[in-house]
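Examination of the molecular architecture
Each chain, letter by letter, is given below.
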Amino acid sequence: MASCTKVGLLGLGTVGTGLVELLTRNAHLIENKSGVSLEVSRALVRDLSKPRVLSKELITNDPEEILGDPDINIVVEVMGGIEPAKSYILRALENGKNVVTANKAVLAAHGLEIFEVAARHGRQIGFEASVCGGIPIIRAITGGLVGNRVEELVGILNGTTNYILTRMHEEGITFADALAEAQAKGLAEADPTFDVKGIDAAHKLLILAEILFQSRAELEDMVIEGIDTLESIDIEAAQEFGFRVKLLALATRNNGSIDLRVHPSLVPNDHPLASVSNEFNAVFMRGDATGELIFYGKGAGSMPTASAVLSDIVEISRNPESRLIWDPGKSVPFAPVEGDSRYYLRFPIFDRPGLIGRIATILGDHSISITHALADLVCDETNRGNVKIITHRGNASAVRQALKEIEASGVLSSPPVALRIFH
Ligand SMILES: NC(=O)c1ccc[n+]([C@@H]2O[C@H](COP(=O)([O-])OP(=O)(O)OC[C@H]3O[C@@H](n4cnc5c(N)ncnc54)[C@H](OP(=O)(O)O)[C@@H]3O)[C@@H](O)[C@H]2O)c1
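Each value, and the rule that gives it
Counting starts from 1 at the beginning of each chain's written sequence and moves along it residue by residue. Predicted model: local features are reported for residues with pLDDT of at least 70 only, side-chain atom pairs are reported and counted for 80 or more only, and whole-chain, interface and lining totals are derived from all residues. Processing note: side-chain calculations cover all non-hydrogen atoms of the structure and skip hydrogens and water entirely. Put simply, a residue is near a molecule or strand once any heavy atom of it comes within 4 Å of that molecule or strand. Polar contacts here mean pairs of N or O atoms no more than 3.5 Å apart (in protein, one a potential hydrogen donor and the other a potential acceptor; neighbouring residues in sequence count only if both atoms are side-chain atoms). Every accessible area reported is derived by Shrake-Rupley at a probe size of 1.4 Å, with residue values counting cover from the shown protein chains alone. The pocket and cavity definitions rest on a 1 Å grid over protein atoms only: a 1.4 Å probe that fits but cannot leave marks a cavity, an open set with protein on both sides within 12 Å along at least five of seven lines marks a pocket, and residues lining either have an atom within 4 Å of a point. Throughout, a molecule is located in a cavity or pocket provided that more than half of its atoms lie within 2 Å of its grid points. Three classes are used: nonpolar for Ala, Val, Leu, Ile, Met, Phe, Trp, Tyr, Cys and Pro, charged for Asp, Glu, Lys and Arg, and polar for all others, with Gly counted as polar. Secondary structure counts use DSSP, requiring at least four H or I residues in a row for a helix and at least two E residues in a row for a strand, with both numbered from the N terminus. Residue contacts are counted whenever heavy atoms from the two residues lie within 4.5 Å of one another. Domain borders in the structure are assigned automatically or taken from a domain database. The buried area of a pairing is the accessible area, by a 1.4 Å probe, that goes missing from both parts when the two are put together, added over both. Basic side-chain nitrogens of Lys or Arg form a salt bridge, by our definition, when they fall within 4 Å of a carboxyl oxygen of Asp or Glu.

Here we come to the site of the ligand. In the vicinity of the ligand, 22 residues are found, and the nearest of them are Leu 12, Thr 14, Val 15, Asp 47 and Gly 301. Backbone polar atom of Leu 12 to an oxygen atom of the ligand: 2.9 Å apart, as the coordinates give it. In the model, an oxygen atom of the ligand is placed 3.1 Å from a nitrogen or oxygen of the Gly 13 main chain. Relative to its unbound accessible area of 910 Å², the ligand is 78% covered by the protein chains. More than half of the atoms belonging to the ligand lie within 2 Å of the grid points that define the largest pocket. Broken down by class, the residue content of the shell around the ligand amounts to 10 nonpolar, 7 polar and 5 charged.

What follows is the structure, given as structure tokens:
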């Protein structure tokens, strides 16, 4: 007969409700496949008056009814935020319970402390749902790919921004309109700052990088740029040159250290990441044994995220003594590297004779050579236009210096735009 794992939920919102529904729908399937039977003993919420998927007597607003219940084996934290989520996770571990969490924010900020407490108490933390929702990327890295030295990981880790960029590409709408559409569809929060400024993707990259490289990273170790300043004109130009703009999260080995960065990038149309659309996520990896791999799927949503939470619950129930796989105690350094890249550059100009030549000369002075160029000039009283350029690989600091000089030369009507090109 299957052993019964008793689960206590901290939170019964989007993910918690999905988990209860999935457990109800697939209880027999799970038991047949894994030999584990699961039972939700209690769920913590704030508002006791809301209708719930669980019967009233299983709902509480007192965390002690879960954290202090000796019969509960696994505490599932799906409430979100830093506090009180972090304190509840620590209390659960100290009380001898294993913990599953979908909360990337708490792991990115306090992962080290949480894992130290777990190790001290011989408990486990499952966090598959914290990155890429329904894509089992944590298990792939720690299981199927464990024998590989991963040279490079590139992800589209934030569904909200990928949806916004898809709409900007497909409909030619502005960032503000695409964001409003994402909010109306429930794909973006009322306060979208974490998503559009790249912080959510950075949290996820940090978790992936720590388990990939078994070392501790901080948000301060990363270059983080969002999509909130992108203009439709640059999305259109990217298309004209044969690229899609994506918010990429990149972890790359570079001369003994790891370069972590999140920023908008132009991805060539023939790269698999270019065709990842709408709210979908993808992770592209290069292992020394496997070569290139790509994982694709829904990175959020009630059911995909519940699927990831459930996989952790089942895994911990089957192997309650298995070893922790997150050991960020080693010291591989994380440091941004100003590597070479191809660039998309746009120069908003006043149309004057010789101006394009001057831009090209300053770029040339900094050893930045041009592969493609387009110029759009409006022949009206404003006499404004844009020069758009794709460069060969160039050094980041040389590009920065050249842009500074071009801006200082007084030929531009507003500051230039520079976006990196992926590969
Ligand atoms: N939604 C997704 O697609 C998704 C995807 C991946 C990861 N995640 C992560 O999963 C976690 C949960 O997300 P969610 O979308 O399910 O959130 P949600 O819909 O806002 O649900 C949060 C739940 O936690 C309860 N809660 C929050 N603060 C509480 C407190 N101080 N005391 C007691 N109960 C509290 C809420 O109670 P009430 O119901 O009474 O308000 C609600 O039931 C977050 O860390 C999120 O980042 C979510």
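Mapped onto the elements, Ala 373 comes out in strand E14 (residues 370–377). Sequence-wise, Ala 373 and Gly 410 are 37 residues apart; in three dimensions their C-alpha atoms are separated by 21 Å. Aside from chain neighbours lying at most four places away, what touches Ala 373 is Phe 241, Lys 388 and Ile 389.

This next bit is on the domain arrangement of the protein chain. As far as domains go, the protein chain holds domain 1 (3–130), domain 2 (137–298) and domain 3 (340–421). Relative placement of domain 1 and domain 2: their C-alpha centres are 28 Å apart. The partner domain 2 presents 10 residues to the 9 residues of domain 1 that form the contact. Around 890 Å² of area is buried between domain 1 and domain 2 when both sides are counted, 63% of it from carbon and sulfur atoms. A per-residue breakdown of the area domain 1 buries against domain 2 is headed by Lys 104, Ala 108 and Glu 128, which together make up 57% of the total. At the boundary of domain 1 with domain 2, the tally comes to 2 salt bridges. Measuring nitrogen to oxygen at the nearest pair gives 3.5 Å for the salt bridge that ties Asp 200 to Lys 104. For the interface between domain 1 and domain 2, the tally reads 3 residue pairs in polar contact (both at pLDDT 80 or more).

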